[in-house]
Amino acid sequence: MSEEVYEQTSSCSSDCSSCGSNCSSRKPSKEDFLAPMNQYSKVKRVIGVVSGKGGVGKSFVTTYLSVLMNRKGYKTAVLDADITGPSIPKAFGITKKAEANELGILPAMSSKGTEVMSVNLLLDNDETPVVWRGPVIAGTVKQFWSDVVWGEVDYMFVDMPPGTGDVPLTVFQSLPVDGIVIVTSPQELVSMIVAKAVNMAKAMDIPVLGLVENYSYVECPGCKEKISVFGESHIDEVSQKFGLPVLAKLPLNPYIAKSIDAGLAEEIQGEWLDVAAALVEEKLPIEKSVPAKKKIAVTTDENHNVFQHFGHCETFTIFEVENNTLVATSTLKNAGHGHAETAQLLKDMNVNVLICGGIGSAAMSTLMEDDILVIPGMQGDIEVAVASYLDGSALATYDANCDHHDHDHDHGDCGGECSCGCGCHH
């Protein structure tokens, strides 16, 4: 043994967290495995929804928890990590495919503002089977975290694949999961199945928030009697065994199934998961990202339409909105030239959202770094554009490249880069 190695070993305190040496006894920390978050994303809390076996309604629990937190005024997102059985987009009624630009992959948006990323949003056909090996699936989940431009999210719910295989392990290791909800059904094997999920969470040092039993009963529409069609519930016994709260006992309800099949998850009304949502809010508190009031700036031309040239826009119409209701409108004149000055002007005016036509990737990047949500590719009347954004029906192209230049104009001494924000280089 060399003198240097001996000195290093003999003085080792066994506390790898405070040691910068790269010795053979060094133990990797949990942070060493985390995948990097997209630089334009700020996700505050990540909750995994897991099950020991398939077919227990885990995706519904994921979907409806995000709906309930959204109704509480939080900015929510769903990462569909169930790659081989992706059902989240259908539950939200999302049919438009995900798009991308130079900044990354852009998630789809539900009608109420929940962001969604799923492999079904990337496939040409929703019925195309995902016949991929474990490492490829695990890599896709990490891409959904690192390559998707999530923006600012209060609560992200991750719909996990069933079991304790490669993909759940990847999620637990690669994402900063703050807690999990375990979904099960009323069967004799439930204790063993829950035990596997609980033990995996403990091994990964991830808190279990509680248990949800699905298909717990059927309620008679006449007499309201609750009938245990899948046998008597064992969830209370399991709860006592592991010291975990029962967050909900969900019914087998045709209303739920019909709504999910129709893509109307955000229209479902029921108190079944209210306790679970309240516990998430209590155990994992954050400051809401969605302001009650926000300013929406729209590039505006002389005909009251969306101006198609962000870097050359001389007039912005500012819509002040409170709880999705218009409270004031004003006009902002832009004396600057180029995207940097314009972006600074919008930041100084405390603008939260920009609706525009063409915009360069550099301009979009600058705005997003200033926490201004960009909705590009919009056309037509500015009031219609704002209304479509507020109701979730905005059909933006998300093409960051401004294609409204013929690029024959004189660039002068700009060094080959347009100052207009078109993002072109010469």
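Keep in mind that what you see is a predicted model, and the values were worked out from it rather than measured.

**Q** Can you tell me about the packing of helix H10 (residues 339-348) against helix H11 (residues 361-369), naming the residues and giving the values?
**A** Relative orientation and spacing of two packed helices are given, respectively, by the angle between their axes and the distance between those axes. Axis separation between H10 and H11 bottoms out at 10 Å; the angle between their running directions is 25°. For the element pair H10 / H11, the angle class is roughly parallel. Viewed along their axes, H10 and H11 form a crossing whose handedness is right-handed. Along its contact with H10, which presents His 339, Ala 343 and Leu 346, the element H11 presents Ala 362, Ala 363, Thr 366 and Leu 367.

**Q** Before we move on, could you go through the pattern of salt bridges and cite the residues and values that matter?
**A** Tallying each qualifying case throughout the model produces eleven salt bridges. Of the charged contacts in the structure, one is a salt bridge between Lys 44 and Asp 154, with a shortest N-O distance of 3.4 Å. One end of the pair, Lys 44, is in strand S1 (residues 42-50); the other, Asp 154, is in strand S7 (residues 152-159), and 110 residues separate them in sequence. A relative accessible area of 25% means that Lys 44 is categorised as partly exposed. By relative accessible area, Asp 154 is classed as buried at 0%. A salt bridge links Glu 281 to Lys 72, with the shortest nitrogen-to-oxygen separation between them at 3.2 Å. With Glu 281 in helix H9 (residues 274-283) and Lys 72 in the loop between helix H2 (58-71) and strand S2 (76-80), this residue pair connects regions lying 209 residues apart in the sequence. By relative accessible area, which is 24% here, Glu 281 ends up partly exposed. Taken together, the shared-partner salt bridges in this structure form one network comprising Lys 42, Lys 44, Glu 152 and Asp 154.

**Q** So what's going on with the state of the cysteines? Which residues, and what values?
**A** Counted by the stated rule, this structure contains zero disulfides. For the unlinked cysteine Cys 220, the closest cysteine sulfur is that of Cys 223, found at 3.5 Å. Here Cys 220 falls in the partly exposed class, since its relative accessible area comes to 24%. Residue classification places Cys 223 among the exposed positions, given a relative accessible area of 52%.

**Q** Would you mind going over helix H7 (residues 235-242) in detail, with residue names and values included?
**A** Buried within H7 we find Ile 235, Val 238, Ser 239 and Phe 242. Along the long axis of H7, the arc covered by the buried residues comes to 105°, so they all point the same way. Relative to its buried face, H7 has exposed residues pointing more than 90 degrees away, namely Glu 237, Gln 240 and Lys 241. On its buried face, H7 sits against strand S8 (179-184), helix H6 (190-203), strand S9 (208-219) and strand S11 (246-251). Within two residues after H7, Gly 243 carries a phi angle of roughly 65°, on the positive side.

**Q** Give a detailed account of the side chain of Asp 82, specifying residues and quantitative values.
**A** Its place among the elements puts Asp 82 in the loop between S2 and helix H3 (88-92). With a relative accessible area of 9%, Asp 82 lands in the buried category.

**Q** Could you give an account of the side chain of Ser 388, naming the residues involved and the relevant values?
**A** Here Ser 388 is to be found in helix H12 (residues 382-390). Separated by 2.8 Å, the side chain of Ser 388 and the backbone oxygen of Ala 385 make a polar contact.

**Q** Before we move on, could you go through the sheet that holds strand S16 (residues 373-375) and cite the residues and values that matter?
**A** Reading across from one edge, S14-S13-S12-S15-S16 is the order of the five strands in this open sheet, with mixed pairing throughout. The open sheet has two edge strands, strand S14 (325-333) and S16, and neither has a second partner. Each adjacent strand pair in this sheet contributes to an overall mean axis angle of 20°, direction not counted. Two elements, strand S13 (residues 315-322) and S14, share eight bridges in a ladder whose sense is antiparallel. The residue of S14 that forms the bridge with Glu 320 is Ala 328. The sheet strands contacting H12 are strand S12 (293-299), S13, strand S15 (353-355) and S16, and the helix crosses S12 at an angle near 135°.

**Q** Talk me through unusual backbone geometry; I want residue IDs and the actual numbers.
**A** Non-glycine residue Lys 224 carries a positive phi angle of around 70°. Within the secondary structure layout, Lys 224 lies in the loop between S9 and strand S10 (226-227). The class for Lys 224 is exposed, based on a relative accessible area of 51%. The phi angle at Asp 371 is positive, at roughly 65°, despite the residue not being glycine. What makes Asp 371 exposed here is its relative accessible area of 59%.

Parameters at a glance
Counting restarts for each chain, with residues numbered from 1 along the sequence as it is written. Only residues with pLDDT of 70 or above have their local features reported here, since the model is predicted, and side-chain atom pairs are shown and tallied only from 80 upward, although totals for entire chains, interfaces and linings are computed over all residues. In computing side-chain values, all of the structure's heavy atoms are included and hydrogens and water are not. Fitted lines through C-alpha atoms serve as axes, helices being fitted only where they are in contact, and the angles separating the N-to-C directions of these axes extend from 0 to 180 degrees. Comment: elements are numbered from the N terminus, with helices defined as DSSP H or I runs of at least four residues and strands as E runs of at least two. Each angle gets one of four labels, with under 35 degrees taken as roughly parallel, over 145 as roughly antiparallel, 65 to 115 as roughly perpendicular, and the rest as oblique. Should the near helix be turned counterclockwise from the far one by less than a right angle, the crossing is left-handed, whereas a clockwise turn marks it as right-handed. Whether two residues are in contact is decided by their heavy atoms: any pair within 4.5 Å suffices. Put simply, a salt bridge is a Lys or Arg side-chain nitrogen that is within 4 Å of an Asp or Glu carboxyl oxygen. Buried residues are those whose accessible area, probed at 1.4 Å on protein chains only, stays under 20% of the maximum for their type, while exposed residues exceed 50% and partly exposed ones sit between those limits. Any two cysteine sulfur atoms lying within 2.5 Å of each other are counted as a disulfide. Regarding the arc, it is the one traced by the directions from the helix axis to the C-beta atoms. Under the rule applied, a polar contact is a pair of N or O atoms within 3.5 Å (in protein, one hydrogen donor and one hydrogen acceptor; residues adjacent in sequence only if both atoms are side-chain atoms). A pair of strands is labelled paired if DSSP reports no fewer than 2 bridges between them.

In short, the description is geometric, and any link to function would need to be established separately.
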